[in-house]
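Structural overview
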Amino acid sequence: QVQLVESGGGSVQPGGSLRLSCAASEDTYSAYCMAWFRQVPGKKREKIASIDGGGATTYANPVKDRFALSKDNAKNTLYLTMNSLKVEDTAMYYCAAERHVYNYYCPWNAADFSFWGQGTQVTVSS
């Protein structure tokens, strides 16, 4: 059972950058879909980016061209680099993992992910 630990959140001004890290307790190189979700109070948790076992990445429209995923397989760590941050990016950010079964499909819904980190808060304000 993989365990996930996020870090790197904090407060930043609009236009700034942050890099979030998600350290996994085991090698997730090709066996898992790894994803980042975010959630604000009163709203559902939404996926913003994911990378599948084959290395293909997907981004939600609100973060496309501003956020980027990368992996350090030697460290079992997933990164989310966030640039040009906006006030509306303020949220709790969660790392999630789901083991691939038949192919490299990455779910969109939070309910379809089995493993979660504890979350890290990102606040964008002036």
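1. What to know about the sheet that holds strand β1 (residues 4–7)
Through backbone hydrogen bonds, the strands of a sheet pair up, either in parallel or in antiparallel fashion. The antiparallel open sheet is built from four strands, whose spatial order is β1-β3-β8-β7. Either end of the sheet is taken by a strand with one partner, and the two such strands are β1 and β7 (67–72). Sheet twist, expressed as the average angle between the axes of neighbouring strands with direction ignored, equals 20 degrees. When β7 meets strand β8 (residues 77–82), the two strands line up antiparallel, connected through six bridges. Of the residues in β8, the one forming a bridge with Asp-72 is Thr-77.

2. Some details on unusual backbone geometry
Unusually for a residue other than glycine, Asp-65 sits at a positive phi of about 75 degrees. Inspection of the secondary structure puts Asp-65 in the loop between β6 (57–59) and β7. Notably, Asn-76 is not glycine yet its phi reads approximately 55 degrees, a positive angle. The topology assignment puts Asn-76 in the loop between β7 and β8.

Cut-off values and rules
- Numbering of residues starts from 1 in every chain and runs along the sequence as written.
- Only residues with pLDDT of 70 or above have their local features reported here, since the model is predicted, and side-chain atom pairs are shown and tallied only from 80 upward, although totals for entire chains, interfaces and linings are computed over all residues.
- To get the side-chain values, take all heavy atoms of the structure and skip hydrogens and water.
- By this definition, two strands are paired if DSSP reports at least two bridges between them.
- A helix here means a DSSP run of H or I that spans at least four residues, while a strand means a run of E at least two residues long, and both kinds are numbered starting from the N terminus.
- Every axis corresponds to a line fitted to the C-alpha atoms, with the helix fit spanning only the stretch in contact, and the corresponding angles, defined between N-to-C directions, vary from 0 to 180 degrees.

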